Amino acid sequence: MSDYNKLNNITGWIIFILATTVYALTVEPTASFWDCGEFIAVSYKLEVPHPPGAPFFLLLGRLFSFLAMGDTTQVAYWINMLSVLSSGFTVLFLFWSITHLAKKLVTPDTNYTNFVIIGSGLIGALSYTFSDSFWFSAVEAEVYGMSSFFTAFVVWAMLKWENIKDPSDENRWMILIAYMVGLSIGVHLLNLVTVPALGLVYYFKKREKLSTRGIITTLIASGAIVLIIMEGVIPGLPSFAGKMEIFFVNNLGLPFGSGIIFFAALFIGGLVYGIYYSIKSSNATLNTILVSFAFIVIGYSSYSIVLIRSNYNPPIDENNPEDVLSYVSYLKREQYGSRPLLHGQLFTADIVDQKKGAPVYTKGEEKYEITDYKLEYIYNPEHTTILPRAYSNQPGHVQRYREILGLKNGEKPSFADNLAYMFKHQLGTMYFRYFMWNFAGRASDIQGADWVGLNDAFEKVPSMLEENKGRNIFFMIPLMLGIIGLTFQYYKDPRNFAFVGLLFFLTGAAIVLYLNSPPTEPRERDYIYAGSYYAYAFWIGLGFIAIFKGIMAVIKKGVPAAAIALVICLSAPIIMASEGWDDHDRSNRYFSVDSAKNFLASCEENAIIFTGGDNDTFPLWYVQEVEGFRTDVRVIVLSYFNTDWYIAQMMRDAYESKPLPFGLTLDNYKQGGLNDYLPLVERQNIKGGTMNAAQFIKLIKEEHPALAVPTSISSYNSVPAKNFYLPVDSAKVMELGIIPEQFASRLSDRMTWSMKGRGLEKKDLAILDLIVNNNWERPIYFNNTSASSVNFNLKDYMVQEGNAFRLLPIRNQTSGEMFVNTDIMFDNMINNFHWRELDNPTVYYSEDYRNFVLNHRASFNTLIQNLLAEGKTEKAREAILKCLEFMPDNVIRYDHFSVQQVGYLILVGEEEKATEMAELISTRSDEMLTYLYSTGNLDRFELQKNLISLSELARTFRGTENLELASKYEELFRKHYELMQ
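What you are looking at is a predicted structure, and each value in this text was computed from that prediction instead of being measured.

(A) Structural view of the pattern of salt bridges. The final tally for this structure, using the stated rule, is 40 salt bridges. When the shortest N-O distance is used, the salt bridge between Asp 895 and Arg 857 registers 2.7 Å. Note that Asp 895 is positioned in the loop between helix H35 (873–886) and helix H36 (896–907) and Arg 857 in helix H34 (residues 847–869), a separation of 38 residues in sequence. For Arg 857, a relative accessible area of 1% translates into the label buried. Each of Glu 28, Glu 140, Arg 586 and Arg 589 takes part in a single network of salt bridges with overlapping partners.

(B) Representation of the environment of Ser 222. In this fold, Ser 222 is placed in helix H10 (residues 212–233). Taking the C-alpha atoms as reference points, Ser 222 and Tyr 716, 494 residues apart in sequence, are found 47 Å from one another.

(C) The nonpolar core, seen in detail. Judged by nonpolar contacts, the single largest core of 293 residues is most densely connected at Tyr 23, Phe 610, Phe 641, Phe 696, Leu 807 and Phe 860. Broken down by element, the residue count for this core peaks at 17 residues, all from helix H23 (residues 530–555). Not counting residues up to four positions away in its chain, the partners in contact with Phe 641 are Phe 610, Ile 636, Tyr 646, Ile 647, Met 650, Leu 660, Phe 662, Lys 762, Lys 763, Ala 766, Ile 767 and Leu 770. The next biggest cluster of nonpolar side chains, apart from the first, holds 9 residues, and it includes Ala 390, Tyr 391, Val 398 and Leu 405.

(D) Summary view of the pairing of strand S13 (residues 723–727). As paired elements, strand S10 (residues 690–692) and S13 share 3 bridges and run parallel to each other. Along S13, the bridge assignment pairs Met 691 with Phe 724. Where S13 and strand S14 (residues 750–754) come together, 5 bridges link them in antiparallel fashion. Among the inter-strand pairings, Asn 723 is bridged to a residue of S14, identified as Ser 754.

(E) Summary view of unusual backbone geometry. At the junction of Pro 51 and Pro 52, the peptide bond is cis and its omega measures out at 0 degrees in the coordinates. Its location among the elements puts Pro 52 in the loop between helix H2 (36–45) and helix H3 (55–65). Despite not being glycine, Met 476 shows a phi value in the positive range, around 65 degrees. You can see Met 476 is positioned in the loop between strand S6 (472–473) and helix H20 (477–492). Under the relative-accessibility criterion, Met 476 is labelled buried at 15%.

(F) Fine view of empty space enclosed by the protein. Tallied over the full model, the rule gives 4 cavities of 30 Å³ or more. One number sums up the size of the largest cavity: a volume of about 450 Å³. Forming the walls of the largest cavity are 25 residues, and the residues nearest its centre are Phe 136, Arg 442, Asp 445, Ser 846 and Asp 848. Of all elements in the fold, only helix H6 (132–138), helix H24 (558–584) and H34 reach the threshold of two or more residues within the lining of the largest cavity. Residue contributions to the lining of the largest cavity peak at 3 residues, all from H34. Residues belonging to the lining of the largest cavity are distributed by class as follows: 8 nonpolar, 5 polar and 12 charged. In this model, the second largest cavity occupies a volume close to 110 Å³. Taken together, 14 residues form the lining of the second largest cavity, with Ser 148, Thr 151, Leu 190, Ala 530 and Gly 531 sitting closest to its centre. Sorting the residues of the lining of the second largest cavity by element identifies helix H7 (144–162) and H23 as the ones contributing at least two each. Looking at the lining of the second largest cavity, the element that brings in the most residues is H7, giving 4 residues.

(G) A look at the packing of aromatic side chains. Tallied over the full model, the rule gives 82 aromatic pairs. The interplanar angle of 65 degrees and the centroid separation of 5.7 Å between the aromatic rings of Phe 39 and Phe 57 together place this pair among those described as edge-to-face. You can see Phe 39 sitting in helix H2 and its partner Phe 57 sitting in helix H3, a full 18 residues away along the chain. Judged by relative accessible area, which is 0%, Phe 57 ranks as buried. For the ring pair Phe 662 and Tyr 669, a centre distance of 5.7 Å and an interplane angle of 65 degrees mean the geometry is edge-to-face. Here Lys 363 stacks its cationic end above the ring of Phe 256, 4.7 Å away from the centre of that ring. Above the face of the Tyr 725 ring, Arg 750 is positioned so that its terminal group lies 3.7 Å from the ring centre.

(H) How the structure looks around the packing of H2 against helix H4 (residues 75–102). It is at 10 Å that the axes of H2 and H4 come closest, and there the two elements cross at 100 degrees. With respect to H4, the axis of H2 lies roughly perpendicular. Mapping the contact onto sequence places Ile 40, Ser 43 and Tyr 44 in H2 and Val 75, Ala 76, Ile 79 and Asn 80 in H4. Grouping the amino acids of the contact of H2 with H4 by side-chain chemistry returns 5 nonpolar, 2 polar and no charged.

What counts, and where the lines are drawn
Residues numbered from 1 in each chain as written. Predicted model: local features only at pLDDT ≥ 70, side-chain atom pairs only at ≥ 80, totals over all residues. Heavy atoms only, no water. Salt bridge = Lys/Arg side-chain N within 4 Å of Asp/Glu carboxyl O. Helix = DSSP H or I, 4+ residues; strand = E, 2+ residues; numbered from the N terminus. Buried < 20%, exposed > 50% of the residue type's maximum accessible area, 1.4 Å probe, protein only. Core = buried A, V, L, I, M, F, W, Y, C linked by side-chain atoms within 4.5 Å. Contact = heavy atoms within 4.5 Å. Pairing = 2+ DSSP bridges. 1 Å grid on protein atoms, 1.4 Å probe; cavity = no way out; pocket = protein on both sides within 12 Å on 5 of 7 lines; lining within 4 Å. Points joined across faces, edges and corners; volume = space filled by probe spheres on them. Nonpolar A, V, L, I, M, F, W, Y, C, P; charged D, E, K, R; others polar. Phe/Tyr/Trp six-rings, centres within 6.5 Å; stacked < 30°, edge-to-face > 60°. Lys NZ or Arg CZ within 6 Å of the ring centre and 35° of its normal. Axes fitted to C-alpha atoms, helices over the stretch in contact; angles between N-to-C directions. Parallel < 35°, antiparallel > 145°, perpendicular 65-115°, else oblique.

As structure tokens, then:
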């Protein structure tokens, strides 16, 4: 046994070193897209991220950032390394957990026993090491790598506990597990779903004779533990403390904080006394429960950092949870709303009534004041159901529900349709497809890509898919090995099969049912279910034992049989590593950060820039907070601008950026006030249906009764006209020198615009307030997302100066089109923009990165087009050649934006390059269209994109009188267009 333990430990650490080395070699050197930029920024300065936060991850991230030794460009790398190490330890504890279960399936004390047990752990651990979703999270600063570590650790610890004989030692291990569960809360809540599976291990050890009743009781008790933690501890303790605080301050007249102090004293005192009593009464069970609970709370106490740092008002302070009431809202993620789980509306349900719910308290001058009430919506009962899955009434979601279920417009979904959506889309597309990505193969890295089976693996596909690095073909080897392993364990060790099976279900399908996701997501969410793939890795490892026993039955020799089985089974992790390396290797990839710098570099000094979603914003936060790049620019997240806490933050300094020039006060923007949403209620007395924007802001500030609309619950302001105008002091504007000389004749003394919808959100009111009161003193910019999202058609007054659009009182006569300041834009894109490693063909750019590159390519097209229109042919030539240099085809393939560049190349005298580009684009379009028709995959967007490319090429060459090429592309277009009819 001692030899086995030594071998098991040494092999485990070798696998840890191997996995950690793999992740270290492929780690991203800077902040990747999505939440990583935010997590790195808030870790570096211990700021407050989006709810519910990850304070323990941030604390460790802060420690790792010290390894950068003051070099801010290395901070992201070292915080990414936190995920690398966490993931390496995950693989280590997975290996030891697999070998623990493998020992139960192997004949002891033979010359091959140790070899087979270690081989099982090796195959399973390496397969998980190279699994698509886990590898993805292991090389970036996200919480999922560390969350997986906590999952792997508590599973390993529970299996270790299973072998302990001394009851006192058992209790120590239970307390350790409780502490790790508490710490994991400060990273991610996914670890909690393992508790019922761990409960089975406890029950199996304590009861030799099993019963259905005992198993059900164990699962109920384990589920209760999860509920106690998720509802009683995480939001429950702060919620109760908040109620006590309100009572002490509002009812007893005591100072702020008195209720919290009393609650803390009562809670800690009660817990200490309970532990003391359990010791005095020699009640080991009660003592273990109370001490375990105490350690969960100690681990959970990392959340105190959220309150502490929020009270210092850091630049990133999401939700501003600086008192216990806002803190509870932060923990409950109330800003994201809720989804119906057991009963609720279908997507066709109408709101027939609403009632006032619980009050919302806000800290006032002397007490907590009710500033709003939560609304409870009542839906048409004919359109509600149990277990509602197809529930969202957002227009895009409704359309997608109907596409998935084959329902016509106006057709009500039945309960069977509701369940069909759950099985077909939520469990099928949004879970099983991801599962198959990891163990069967993936068609590409394009969002919505399917998994790849055996037939698909040998299919001839277009070069665009064949050369896509995200196309991984595993020939279903890992999948089949896992199926063999789960079948083997089911027959040979049903108890541990139940444990692994429950773990697999709880970390996969159960999460799908709990999340109840809408039909579309901004990105693929496979990383959420990495715990399920972790559980499946157990079965892949145990599959090795099953294959060994099968070979052993034939050749009757243990060591040769084990060696043959090992060679066969190693094919799984080897093929996963070889196929997955190119699309998981993020070394030398910088464009997420460079694109953020390019947004900021597009702005004049002391500017204000509006952004849209996560990828528009989080990299900008990173470059400002960590690298200190262009901290004079104030970044405003448009969606956050709907909240009073965010507007309050915009009213104070941030680095070199002064407060925004609001005319309205914070009281005008408070949540639950008059201006959360202002519906359009047109007044006949407004001349021409157009209102002075400055006058409207003045009426809002005065809370003028002319704007009020009363309701049964309260009242709110309205918008009296759909159209607005703003007088412009032309002389002052010219003095400021902000109008480019070539646009001086377009300067308008009156800006006019109209609303897009039937009302204004708070963010729209805030933008209107800024435009009115800024007086053109600070440059205001929009990125492409925010320019389209704001509820005013302001694009007529925007000037493109790079990747950002500046608001100026000059109007383009062509509605919906923007001016382009070619001098500034040329200088920004050629001299001020960043393009690190974008010309390196060895660097992998995923779809997110490619899309941002394509945005830059589109900006180049805009610049080139306007340079040609201004007769600046040589500058246009330089711009297009730089574009091809910065973003070559062998790194970022030519796309539908490149089709326009064919014509531009001809106009600047680069006919040879134009013809070469046209041939590549036409060949690829022909391949893709042929493939789509042959497979019956009539993706209309993909079809139209490629048809338009062929049509545009034909038009371009006909315009240059190259009839041979024009006829060639016209023929290709006609061939495919006719097939589309």
